[in-house]
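# Fold and contact review
Letter by letter, the chains look like this.
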Amino acid sequence: MRSPISPQPAVGYLDLVRRNREYRLLWMGQIVSLLGDWFNLIASASLIATLTQSGLAISGLFVVRMIAPFLVGPFAGVIADRYNRKSILIWSDIVRGVTVLGFLFINRPEQVWLLYVLTAIQLGLSGFFFPTKNAILPDIVSDHELGTANALSSTTWSVMLALGAALGGLVAGLWGNQVAFIIDALTFLVFEAFATHAVHG
């Protein structure tokens, strides 16, 4: 009687990153992209506080950041399944990078509404970006690597929440909000470079 084939054991974080080049590149791009996201959050909140001196206005920023991806969520998974995922990743990153550059032109209290609009566009596109990135994982990792890949991606998000917010506050405090926005815009280009080589088709 033929013995059943035992499933391969799950790999560790270091083994996955070391052995799987495609995932390694995508993961490195994720680190850079998340770093920029937290730079943007700190700089946006600081800019609103400077222009309005209003806690309510700052609260509005967080509301917009939560609602925008929520509204596009029902469509994001469908689009990721029907269209080329690599194209979605790259184009959403390009548009997000251009959108972030728009923050550089906000310097008066009466322009705060534009900051909300740009934030909605940026986070709305993020609502497409992250489901697409997650949907790509089964294409670049094997079945026994998938659990580790998902866990590492989630852990990376948590780590970058603390590290990115701290660095974003440091940069904004030392060199100003505009420098933080510029760094954020550059992170989208860096991720695009990683994604271009990590994802095929």
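Located above this text is the structure these notes cover.
Attention in this report is confined to the structure presented alongside it. (Residues numbered from 1 in each chain as written. Predicted model: local features only at pLDDT ≥ 70, side-chain atom pairs only at ≥ 80, totals over all residues. Heavy atoms only, no water.)

## Some words on the overall build of the protein chain
Rules: Starting at the N terminus, helices and strands are each numbered in turn, a helix being any DSSP run of H or I of at least four residues and a strand any DSSP run of E of at least two. Each residue is assigned to one of three classes by its accessible area relative to the maximum for its type, calculated with a 1.4 Å probe on protein chains only: buried under 20%, partly exposed between the two thresholds, exposed over 50%. The Shrake-Rupley method, run with a 1.4 Å probe sphere, supplies the accessible areas, and residue values consider only the shown protein chains as cover. In this count, Lys and Arg are taken as positive residues and Asp and Glu as negative ones, while His and the chain termini are left out. Taken as the charge centre is NZ of Lys, CZ of Arg, CG of Asp or CD of Glu, depending on the residue.
A count of helical and extended segments in the protein chain gives 7 helices and 0 strands. The dimensions of the protein chain, computed from C-alpha atoms along their principal axes, are 80 × 35 × 30 Å. In the protein chain, which comprises 201 residues, the proportion classed as buried is 44%. Approximately 10,600 Å² of the protein chain is accessible, and the part contributed by carbon and sulfur atoms is 70%. Of the charged side chains in the protein chain, 12 are positive and 11 negative, and the gap between their average positions amounts to 3 Å.

## Observations concerning the pattern of salt bridges
Stated formally: Should a side-chain nitrogen of Lys or Arg be within 4 Å of a carboxyl oxygen of Asp or Glu, the pair is scored as a salt bridge.
What the rule picks out here adds up to 5 salt bridges. One salt bridge connects Arg 85 with Asp 81, and the closest N-O pair in it is separated by 3.3 Å. Among the residues examined, Arg 85 registers a relative accessible area of 22% and is labelled partly exposed. The class for Asp 81 is exposed, based on a relative accessible area of 57%. Measuring nitrogen to oxygen at the nearest pair gives 3.0 Å for the salt bridge that ties Asp 139 to Arg 85. Of this pair, Asp 139 sits in helix α5 (residues 112-140) while Arg 85 sits in helix α4 (residues 85-101), and the two are 54 residues apart along the sequence. Here Asp 139 falls in the exposed class, since its relative accessible area comes to 56%.

## Comments concerning the packing of aromatic side chains
Convention followed: To pair, rings of Phe, Tyr and Trp, with the six-membered ring standing in for Trp, must have centres within 6.5 Å; the planes then decide the type, stacked if under 30 degrees apart, edge-to-face if over 60, and tilted in the middle. Either the NZ atom of lysine or the CZ atom of arginine qualifies as a charge over a ring when it sits within 6 Å of the ring centre and within 35 degrees of the ring normal.
The tally for this structure, following the rule as stated, stands at 4 aromatic pairs. Residues Phe 129 and Phe 130 carry aromatic rings whose centres are separated by 5.0 Å and whose planes lie at 90° to one another, so their mutual orientation is edge-to-face. A residue is classified by how much of its surface remains accessible, and Phe 130, at 23% relative accessible area, is partly exposed. Counting every residue linked through ring pairs, the aromatic cluster contains Phe 129, Phe 130 and Phe 191. Positioned over the ring face of Phe 129 is Arg 96, at 4.3 Å from the centre of the ring.

## Quick word on the packing of helix α2 (residues 21-52) against helix α7 (residues 177-198)
Operational definition: Helix axes use the C-alpha atoms of the stretch in contact, all axes being lines fitted to C-alpha atoms, and the angles between their N-to-C directions lie in the range 0 to 180 degrees. Any angle that is under 35 degrees is reported as roughly parallel, and any over 145 degrees as roughly antiparallel; angles of 65 to 115 degrees are reported as roughly perpendicular and all others as oblique. Should the near helix be turned anticlockwise from the far one by less than a right angle, the crossing is left-handed, and should it be turned clockwise, the crossing is right-handed.
Between α2 and α7, the least distance of the axes is 8 Å, while the angle of their chain directions is 165°. Comparing their axes, α7 and α2 come out roughly antiparallel. Relative to α7, α2 is oriented so that their crossing is left-handed.

## Thoughts on helix α3 (residues 55-82)
So the rule is basically this: The span one expects for a helix is its residue count, reduced by one, times 1.5 Å. Residue contacts are defined here by distance: any two heavy atoms, one from each residue, within 4.5 Å place the two residues in contact.
A rise of 1.5 Å per residue sets the reference length of α3, with its 28 residues, at 40 Å; its end C-alpha atoms lie 42 Å apart and thus fit the reference within 8%. Those residues of α3 not exposed but buried are Ala 57, Leu 61, Val 64, Arg 65, Ala 68, Val 72, Ala 76 and Ala 80. Buried residues in α3 make contact with α2, α4 and α5.

## A look at the side chain of Asn 40
Worth spelling out the cut-off: Polar contacts, as counted here, are pairs of nitrogen or oxygen atoms within 3.5 Å of one another; within protein the pair requires one atom able to donate a hydrogen and one able to accept it, and residues that are adjacent in sequence qualify only if both atoms are side-chain atoms.
Within the secondary structure, Asn 40 is located in helix α2. With a relative accessible area of 0%, Asn 40 lands in the buried category. One polar contact links Asn 40 to Asp 184, side chain to side chain, over a distance of 3.1 Å.

## What to know about the environment of Leu 174
Looking at where Leu 174 falls in the secondary structure, it is placed in helix α6 (residues 143-175). The class for Leu 174 is exposed, based on a relative accessible area of 55%. Taking the C-alpha atoms as reference points, Leu 174 and Phe 70, separated by 104 residues in sequence, lie 34 Å from one another.

Worth remembering: the numbers are spatial, not functional.
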